[in-house]
Amino acid sequence: MSQESIVPEEAVTAAEVAEPGAVTIVVPTFNESANVRRLLHQITESVPARLPCEVVFVDDSTDDTPQVIHDAARDCPFPVTVLHREEPVGGLGGAVVEGMKAAGSDWIVVMDGDCQHPPSLVPELVTTGERAGAGLVVASRYLKGGSRAGLAGSYRVAVSRAATWLTKTLFPRRLHGISDPMSGFFAIRRSAVTAEALKPLGYKILLELAVRSRPRTVTEVPFVFQERFAGESKSTVKEGQRFLRHLAGLRTADPLARMVVFGLIGLTGFVPNLAALWAMTEAGLHYLPAEIIANQFGVAWNFLLIEKLLFRDRRRHRHWADRTARFALLANADLVLRIPLIALLVAQFGLAVLPATALALVITFVLRFVGTEALVYLPRRKPRAKTEPHS
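Not measured: the values here are computed from a predicted model.

A. Main features of the overall build of the chain. A tally of helices and strands in the chain yields 12 helices and 8 strands. Counting across all 391 residues of the chain, residues that qualify as buried make up 45%. A fraction of 78% describes how many contacts in the chain between residues 6 or more apart in sequence connect residues 24 or more apart. Carbon together with sulfur atoms contributes 60% to the accessible area of the chain, which is approximately 21,000 Å² in total.

Rendered as structure tokens:
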């Protein structure tokens, strides 16, 4: 990742090092060359007179956006830094995290580079945070005085509404008091977040912040979402898919939630299992070998869903063939273990067959979940370095 600072003469100290601003404005950009000059002009007009600032662009562009920023920054009365990433890890959210790490101010304001977030609101975001003693101040389109007028078309409005409803339903406690979790415009105290703890995927970085490291005190201010000045929206079907994967990853970060999802996936495995069993018995195969073979269909189905929905970010720890073999072994061991366990519960503890079967299912389910996490998806332990004996 390359870094370039453009510091105007007015902002240079005697040692030619820019003083850190009271606020760092972090702007992630991807091919926004037609917008950044206007954005810097708006910031110049509305922010420095009320609040010392610096601007950090984190750029993933494939066009001339970095050069346009460099040229436009010469007229700015504040320091401007461009961090250009050759590999856009984490998408827009990853870019914001890089900007937070580079920030030199107590307050960090995150905003888009397409001029839909009004820079004139930056001082109010910081002032509101200071006044309320808040760690996070969200610019909301859904408070009185706010508006989502800049959303282009009824389709994007519907998608925004659905995404807001879904996230608030999945995270009612973490998003309590945040009316616009899809907002990309907010201020956060640098001391209120540990950037290394964030695992962004896609462009909804506020959701990532609120769920993984929500500050104790959160407040909001209304804002009117502007129309895009130039270029096209980066909100695509692919970004929508990344957003849903991000939601799934956030929701299953908690072990109990992972176990629930693991169980729900296991229930769906009955469909291919029973379908295969029916087909083989109808073809004349004896039910015992048919049961064993049909179970493999359920195992394969569960494995595919678990790989895609539950442990997607942990697949890198082992080769796919290793994961497949381990998962199949655990799933079939569950089948072998369940019958002796039922017999033990009936013979030794006097349980009836039905409650013994139910209890055995719960026990083997928990063991299978723990075994799947520990033996299939946790990182391998690194071997300890050998120490040379002292002579």
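B. Spotlight on the side chain of N295. With respect to the helices, strands and loops of the structure, N295 is situated in helix 10 (residues 287–310). Leaving out residues up to four positions away in the same chain, N295 has contacts with N273, N332 and L335.

C. Seen up close, the packing of aromatic side chains. Within this structure, the stated rule accounts for 6 aromatic pairs. Between F185 and F223, the aromatic rings sit 5.5 Å apart at their centres with planes inclined by 85°, giving edge-to-face as the arrangement. Note that F185 is positioned in the loop between helix 5 (153–170) and strand 7 (186–189) and F223 in the loop between strand 8 (218–222) and helix 7 (237–251), a separation of 38 residues in sequence. When its relative accessible area of 0% is taken as the criterion, F185 is described as buried. The exposure class of F223 is buried, given its relative accessible area of 3%. A ring pair is formed by F262 and F365, whose centres lie 5.8 Å apart and whose planes are at 45°; its orientation type is tilted. Here F262, found in helix 8 (residues 255–268), pairs with F365, found in helix 12 (residues 353–377); they are 103 residues apart in sequence, far enough to count as distant. Each member of the pair F262 and F365 is classed as buried.

D. Geometry of the pairing of strand 8. Counting buried positions along strand 8 gives 4 out of 5 residues, so the element sits mostly inside the fold. Relative to strand 8, strand 6 (residues 136–140) runs parallel, the two sharing 5 bridges. Following the sheet pairing, S140 is matched in strand 8 by P222.

E. Main features of a nonpolar patch on the surface. A contiguous nonpolar surface patch, about 600 Å² in accessible area, is contributed by L337, L344, F349, L351, L359, I363 and L367. Sorting the residues of the nonpolar patch by element identifies helix 11 (320–349) and helix 12 as the ones contributing at least two each. Inspection of the secondary structure puts L359 in helix 12.

F. Highlighting the environment of P123. Note that P123 resides in helix 4 (residues 122–132). Counting along the chain gives 64 residues from P123 to A187, while the straight-line C-alpha distance between them is 9.9 Å. When neighbours within four sequence positions are excluded, P123 is seen to be in contact with S46, V47, R50 and L51.

G. Structural detail: the nonpolar core. Core analysis: the largest hydrophobic core is formed by 36 residues, its most contacted members being V55, F57, V80, V122, L125 and F185. Those elements that place two or more of their residues in this core are strand 2 (23–29), helix 1 (36–46), strand 3 (53–59), helix 2 (65–73), strand 4 (80–84), strand 5 (107–110), helix 4 and strand 6. Excluding residues that lie within four positions of it along the chain, F185 makes contacts with V109, V110, M111, H117, P118, L121, V122, L125, V138, A139 and F223. In this structure, V56, L136, I188 and I205 belong to the second largest nonpolar core, which totals 30 residues.

H. Highlighting the side chain of T164. Locating T164 in the fold gives a position in helix 5. Taking the relative accessible area as the measure of exposure, T164 reaches 9% and is therefore buried.

I. Here's a closer look at the pattern of salt bridges. According to the stated counting rule, one finds 6 salt bridges in the structure shown. The shortest N-O distance in the salt bridge between R323 and E307 comes to 2.8 Å. With R323 in helix 11 and E307 in helix 10, this pair connects stretches of sequence that are 16 residues apart. Residue classification places E307 among the buried residues on the basis of a relative accessible area of 8%. Here the salt bridges share partners, and the residues they tie into one network are R318, D322 and R326.

J. Quick look at the state of the cysteines. Scanning the model with the defined rule gives 0 disulfides in all. The cysteine C53 is free of any disulfide, with C76 supplying the nearest cysteine sulfur at 8.7 Å. A relative accessible area of 7% places C53 in the buried class.

K. Looking closely at helix 1. Buried within helix 1 we find V36, L39, L40, Q42, I43 and S46. Along the long axis of helix 1, the arc covered by the buried residues comes to 160°, so they all point the same way. In this structure, the buried side of helix 1 is in contact with strand 2, strand 3, helix 2, strand 4 and helix 4.

Parameters at a glance
- Residues numbered from 1 in each chain as written.
- Predicted model: local features only at pLDDT ≥ 70, side-chain atom pairs only at ≥ 80, totals over all residues.
- Heavy atoms only, no water.
- Helix = DSSP H or I, 4+ residues; strand = E, 2+ residues; numbered from the N terminus.
- Buried < 20%, exposed > 50% of the residue type's maximum accessible area, 1.4 Å probe, protein only.
- Contact = heavy atoms within 4.5 Å.
- Areas by Shrake-Rupley, 256 points an atom, 1.4 Å probe, with all protein chains shown as cover.
- Phe/Tyr/Trp six-rings, centres within 6.5 Å; stacked < 30°, edge-to-face > 60°.
- Pairing = 2+ DSSP bridges.
- Patch = residues over 30% accessible without salt bridge, like charges linked within 9 Å, V, L, I, M, F, W, Y side chains within 5 Å.
- Salt bridge = Lys/Arg side-chain N within 4 Å of Asp/Glu carboxyl O.
- Core = buried A, V, L, I, M, F, W, Y, C linked by side-chain atoms within 4.5 Å.
- Disulfide = S-S within 2.5 Å.
- Arc of directions from axis to C-beta.

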